[in-house]
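Coordinate inspection notes
Single-letter residue listing:
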Amino acid sequence: REETTVDLRTTFLQPSRRTVLKGIGAGLAASALGAPMVARAQSAGTIKLGFVTPATGPLALFGETDGWAADKIKALLKDGLETAAGKFDVEILIRDSQSDPNRAAEVAKELIVDDEINLMLVSSTPETTNPVSTTCEAEQIPCLSTVAPWQPWFIGQQGNPGDPASWKPFNYAYHFFWGLEDIIAVFTGMWGQIETNKKVGGLFPNDGDGNAWGDKVVGFPPVLEKLGYGLTDTGRYQNLTDDFSAQINAFKQAETEILTGVMIPPDLTTFWNQAKQQGLKPKIASIGKALLFPQTVEALGDAGHNLSTEVWWTPSHPFKSSLTGETAAEVSTAFTTSTGRPWTQPIGFAHALFELAVDVMKRAEDVTDGDAVAKAIGETKLDTLVGPIAWNNANLPPFAQKNVAKTPLVGGQWRLKSGGGYDLVVVENGQAPNIPLGGKMEALS
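Report follows, based on the coordinates.

Cut-offs and rules
Residues numbered from 1 in each chain as written. Predicted model: local features only at pLDDT ≥ 70, side-chain atom pairs only at ≥ 80, totals over all residues. Heavy atoms only, no water. Buried < 20%, exposed > 50% of the residue type's maximum accessible area, 1.4 Å probe, protein only. Helix = DSSP H or I, 4+ residues; strand = E, 2+ residues; numbered from the N terminus. Arc of directions from axis to C-beta. Contact = heavy atoms within 4.5 Å. Salt bridge = Lys/Arg side-chain N within 4 Å of Asp/Glu carboxyl O. 1 Å grid on protein atoms, 1.4 Å probe; cavity = no way out; pocket = protein on both sides within 12 Å on 5 of 7 lines; lining within 4 Å. Points joined across faces, edges and corners; volume = space filled by probe spheres on them. Nonpolar A, V, L, I, M, F, W, Y, C, P; charged D, E, K, R; others polar.

All buried positions along helix 11 (residues 245–253) are accounted for by Gln 247, Ile 248 and Phe 251. Along helix 11, the residues classed as buried sweep out an arc of 100° about the axis, all on the same side. Residues of helix 11 that are exposed and point over 90 degrees away from its buried face: Ala 246 and Gln 253. Summarising the contacts, the buried residues of helix 11 are in contact with strand 7 (199–203), strand 8 (230–233), strand 9 (258–263) and helix 12 (265–277). Once helix 11 finishes, Glu 255 follows within two positions and takes phi at roughly 55°, a positive value.

We now examine the pattern of salt bridges. Applying the stated criterion to the full structure yields 17 salt bridges. The partner of Glu 326 in a salt bridge is Lys 72, and the shortest N-O contact between them spans 2.8 Å. Placement of the pair is Glu 326 in the loop between strand 11 (308–311) and helix 14 (328–339) and Lys 72 in helix 4 (residues 66–76), with a sequence separation of 254 residues. Taken as a pair, Glu 326 and Lys 72 share a single burial class, namely buried. Notably, a salt bridge pairs Lys 406 with Glu 181, separated by 2.7 Å at the nearest N-O pair. Placement of Lys 406 in the loop between strand 14 (404–405) and strand 15 (410–416) and of Glu 181 in helix 8 (residues 180–191) is noted, with a sequence separation of 225 residues between them. By relative accessible area, Lys 406 is classed as buried at 18%.

Before going further, it helps to spend a moment on empty space enclosed by the protein. Enumeration according to the criterion identifies two cavities of 30 Å³ or more in this entry. Looking at the largest cavity, its volume works out to about 90 Å³. Considering the residues around the largest cavity, the lining is formed by 14 residues, among which Pro 149, Trp 178, Asp 209, Lys 289 and Glu 310 are closest to the centre. Considered class by class, the residues forming the lining of the largest cavity number ten nonpolar, one polar and three charged.

Another aspect to go through is the environment of Lys 362. With respect to the element layout, Lys 362 can be found in helix 15 (residues 346–363). For the pair Lys 362 and Gly 80, spaced 282 residues apart in sequence, the C-alpha to C-alpha distance is 11 Å. Setting aside residues up to four positions removed in sequence, Lys 362 forms contacts with Leu 81, Glu 82, Thr 83 and Ala 84.

Below, the structure is given as structure tokens:
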């Protein structure tokens, strides 16, 4: 992460693309002074949308649906997009971050400088969203990001994350997702349905999510303490760790009955298999990030039954696409039909990213001007496949209201199906009662 910071700060020292273009434009205008005015009809061109996603690497499950969503939008916009300034063709340029923050910043800069995009889209964990958003802010290019809790996204990009008085809003970077306050409420809501000794083991890696979740000010520790839970936090481990014996032994010694954390998919598989082998038998395991995906749970065989996780989006969510009118169920079915793969939660947010991009570009006074596009983002009020999106809402701390829009969150458990495979069943909806329950929380066997 230190290496990423150095790279991004170097970016700040370079003149932004918009600064250079403004200078060129001013020079051309000056040279034309005194020349006769020639009336020209405005010619529409091409809107370029950049999209950075982890298509490969340990975060690849997050980016699995992005290409499908992009192809769907390309088909919808094949005849162009009507905007306030006329009809434009739309080009979507997808770049793979390879699950690496440095690579994410690099391809973002290339999209801005070489491809001259008009709007950046980025998704999937702070390791992708943060370097891309920071690069866009430095280059004065509007950016829409999602699929990262808002605290590690917003606070993680501040010059001094440890000093709230120094935090400043962004001019071009905008984010939509839920926050740590939501997932803590969802997880503890699920835990409250099972009788336990309230002893919790925390698995927090040394990355943007893990550092935020384990933070003693904004993360899980202070809230769990207030609610009467005892937390065993063994410290930050490195992603792709191959031995969790130290954590497992600490949890056994503390008589832990609840496990929580935010793990990448390969680490969850390693940890859970070792926990079973070494006799760790919690009543509840609510793990963020890794347990979002059916592939991760299926890799555990029958041992994945009743593992629990946060649920951002499902086919049963009561929302529709602003572009097609399709329901969540219809979009998930379309994905499975065309790919042969099961639906996963990022489908909804990949689709919503494009919904927002289209809506913003329709309303922007000048799609080629970053300030006009950023202004349109801030004025958004749109019902999307993941729920209503609007910035400047009062359901956030004042410092985050300009740049963050919240989406609903519920909790679910993976249940073995009689014919094989797993279903994700919503068992906690206290934060979003409009999302239907599918059952009640059950203890691990």
